[in-house]
Amino acid sequence: MTDSNNFTDALKQKILILDGAMGTMIQLHKLEEDDYRGERFADWHSDIKGNNDLLVLTQPDLIRDIHGQYLAAGADIIETNTFNATSIAMADYDMQSLVHEINVAAARLAREAADQYSSADKPRFVAGVLGPTNRTASISPDVNDPGKRNVSFDELVEAYEEACDGLMEGGADLILVETVFDTLNAKAALFAIENTFDKRNQRLPVMISGTITDASGRTLSGQTAEAFYYSLRHVKPVSFGLNCALGPDLLRQYVQEISDIAECAVSAHPNAGLPNEFGEYDMEGDEMAVHIREWAESGLLNIVGGCCGTSPEHIQAIARAVEGLPPRKPAQPQVRLRLSGLEPFVH
């Protein structure tokens, strides 16, 4: 595990490069059911193809190699392969009992890869990923029953605590709450992180990254980017930003919105454009890098990488595009009353 002070120092020195999509890279291998099962789960009672998080147990060399490719491309931060590694999401495969083991194994794989590429002048960091789960605490799953919920705040907290504890045990340097579409889910994750920090008597920097679901400029639970930030700024994250859903062309205005107000670092890892009619992403690394360089020149970025559709080639192009450009300076807004519902309220 790297000293968290090293990460804070690195943020001040340059724009840090986050890795790209794990799922996109896994799909290139065209894995079949038997590949996911391995020997250990050969007789599992349900289909498990598509459970990418399980691959840290059944195909560890593949996951380690993907981490290595991103590190070789210039990534300063690599994300653990744990986007769905909570008991809530793993229930789809009846694998809730494996959650802690998966998170520990995923963090250790990323740790091994990061340590292999780290040097005194370029330390590498492991971000332990807590994904949004496949449920939402704010929105009813039944249009005919607005008050219905299929998950509670306490259930989310319990699930996130288990995952976070595993990530810390495995050697993560940071905790990344990412692809937040429901602020209440994120609050449960952040509460769980604080509980875990207290139990382990250890604190790590926390990154938060939300997702603007479409051109409305709002999260799925209805908040604007500014309101989303005000809802969670009390946690004092090391960085706050946006990822997924949109490409760099469409995401820029919302990154700008956060950059204008955030007292912490700002991160962004957009998709490689919007998916085409086949669900594939067409934006090449060089095209993506043009957008990202303009963001950096405009002083919007402290951390940048890629989400869906991106590869080591995208990350290499992005790293080259921002090389030598200064990192964004945190905003210093006036002391005002800042509240948030779906919209921000500043008085």
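Here is what the cut-offs are and how they apply
Residues numbered from 1 in each chain as written. Predicted model: local features only at pLDDT ≥ 70, side-chain atom pairs only at ≥ 80, totals over all residues. Heavy atoms only, no water. Helix = DSSP H or I, 4+ residues; strand = E, 2+ residues; numbered from the N terminus. Rg over C-alpha atoms; globule rule 2.2 N^0.38 Å. Contact = heavy atoms within 4.5 Å. Areas by Shrake-Rupley, 256 points an atom, 1.4 Å probe, with all protein chains shown as cover. Lys, Arg positive; Asp, Glu negative; His and termini not counted. Charge placed at Lys NZ, Arg CZ, Asp CG, Glu CD. Core = buried A, V, L, I, M, F, W, Y, C linked by side-chain atoms within 4.5 Å. Buried < 20%, exposed > 50% of the residue type's maximum accessible area, 1.4 Å probe, protein only. 1 Å grid on protein atoms, 1.4 Å probe; cavity = no way out; pocket = protein on both sides within 12 Å on 5 of 7 lines; lining within 4 Å. Points joined across faces, edges and corners; volume = space filled by probe spheres on them. Nonpolar A, V, L, I, M, F, W, Y, C, P; charged D, E, K, R; others polar. Pairing = 2+ DSSP bridges. Right-handed = clockwise from strand over helix to strand, strands pointing away. Salt bridge = Lys/Arg side-chain N within 4 Å of Asp/Glu carboxyl O. Phe/Tyr/Trp six-rings, centres within 6.5 Å; stacked < 30°, edge-to-face > 60°.

## What to know about the overall build of the protein chain
Of the regular secondary structure elements, the protein chain holds 13 helices and ten strands. In terms of C-alpha radius of gyration, the protein chain reaches 19 Å, essentially the compact-globule figure of 20 Å for 347 residues. For the protein chain, the spread of C-alpha atoms along the three principal axes comes to 60 × 50 × 50 Å. Taking all contacts inside the protein chain whose residues are at least 6 apart in sequence as the whole, residues at least 24 apart take part in 77%. In the form shown here, the protein chain has an accessible surface area of approximately 15000 Å², with 48% of it arising from carbon and sulfur atoms. One way to put it: in the protein chain the 28 positive side-chain charges average out to a point 8 Å from where the 52 negative ones average out.

## A look at the nonpolar core
Core analysis: the biggest nonpolar cluster contains 95 residues, and Ile 26, Leu 130, Ile 175, Ile 193, Val 255 and Leu 301 have the highest contact counts within it. Here this core gets nine residues from one element, more than from any other, and that element is helix α7 (residues 99-117). When sequence neighbours within four positions are dropped, the list of residues in contact with Ile 193 reads Leu 130, Cys 164, Ile 175, Val 177 and Val 206.

## Comments concerning empty space enclosed by the protein
Scanning all chains against the criterion turns up one cavity of 30 Å³ or more. Counted as a void, the largest cavity has a volume near 30 Å³. For the largest cavity, the full set of lining residues is Gly 131, Pro 132, Tyr 160, Val 177, Glu 178, Val 180, Phe 181, Asp 182, Asn 185, Ala 186 and Ala 189. Residues of the lining of the largest cavity, tallied by class, amount to seven nonpolar, two polar and two charged.

## Focus on the pairing of strand β6 (residues 239-243)
With five of five residues buried, β6 lies mostly within the body of the structure. Both faces of β6 are covered, namely the face carrying Ser 239, Gly 241 and Asn 243 and the face carrying Phe 240 and Leu 242. Summarising the sheet, strand β5 (residues 206-210) and β6 pair through four bridges and their orientation is parallel. Residue Ser 209 lies in a different strand from β6, and its bridge partner there is Gly 241. Inspection of the sheet shows β6 paired to strand β7 (residues 265-269) by five bridges, in the parallel sense. Counted as the bridge partner of Phe 240 is Val 266 from β7. Taken together, β6, helix α11 (residues 248-259) and β7 form a β-α-β motif whose crossover is right-handed.

## Quick notes on the pattern of salt bridges
Throughout the structure, instances matching the rule amount to 16 salt bridges. Notably, a salt bridge pairs Asp 173 with Arg 111, separated by 2.8 Å at the nearest N-O pair. Here Asp 173, found in the loop between α8 (153-170) and β4 (174-180), pairs with Arg 111, found in helix α7; they are 62 residues apart in sequence, far enough to count as distant. No difference in accessibility class separates Asp 173 from Arg 111, as the two residues are buried.

## Looking at unusual backbone geometry
The backbone phi angle of Asn 201 is positive, close to 50°, even though this residue is not glycine. Among the structural elements, Asn 201 can be located in the loop between α9 (183-200) and β5. A residue is classified by how much of its surface remains accessible, and Asn 201, at 72% relative accessible area, is exposed. In this structure, Lys 236 is a non-glycine residue whose phi angle is positive, near 55°. By relative accessible area, which is 71% here, Lys 236 ends up exposed.

## With respect to the packing of aromatic side chains
This model, assessed by the stated rule, comprises six aromatic pairs. Centroid distance Phe 153 to Phe 191: 6.3 Å. Interplanar angle 45°. Geometry classified as tilted. Of this pair, Phe 153 sits in helix α8 while Phe 191 sits in helix α9, and the two are 38 residues apart along the sequence. Taking the relative accessible area as the measure of exposure, Phe 191 reaches 44% and is therefore partly exposed. Plain terms: the ring middles of Tyr 229 and Phe 240 are 4.9 Å apart, the flat faces sit at 90° to each other, and that makes the pair edge-to-face. With Tyr 229 in helix α10 (residues 225-232) and Phe 240 in strand β6, the pair connects residues that are eleven residues apart, well separated along the chain. Look at Tyr 229 and you get buried, because its relative accessible area is 2%. Residue Phe 240 is classed as buried on the basis of its relative accessible area, which comes to 0%. Linked through ring pairs, Phe 228, Tyr 229, Tyr 230 and Phe 240 together constitute an aromatic cluster.

## A word on the environment of Phe 240
Sequence separation between Phe 240 and Leu 339 is 99 residues, and the spatial gap between their C-alpha atoms is 17 Å. Each residue touching Phe 240, except ones within four places of it in the same chain, is listed here: Ile 208, Phe 228, Tyr 229, Leu 232, Ile 258, Cys 264, Ala 265, Val 266 and Ser 267.

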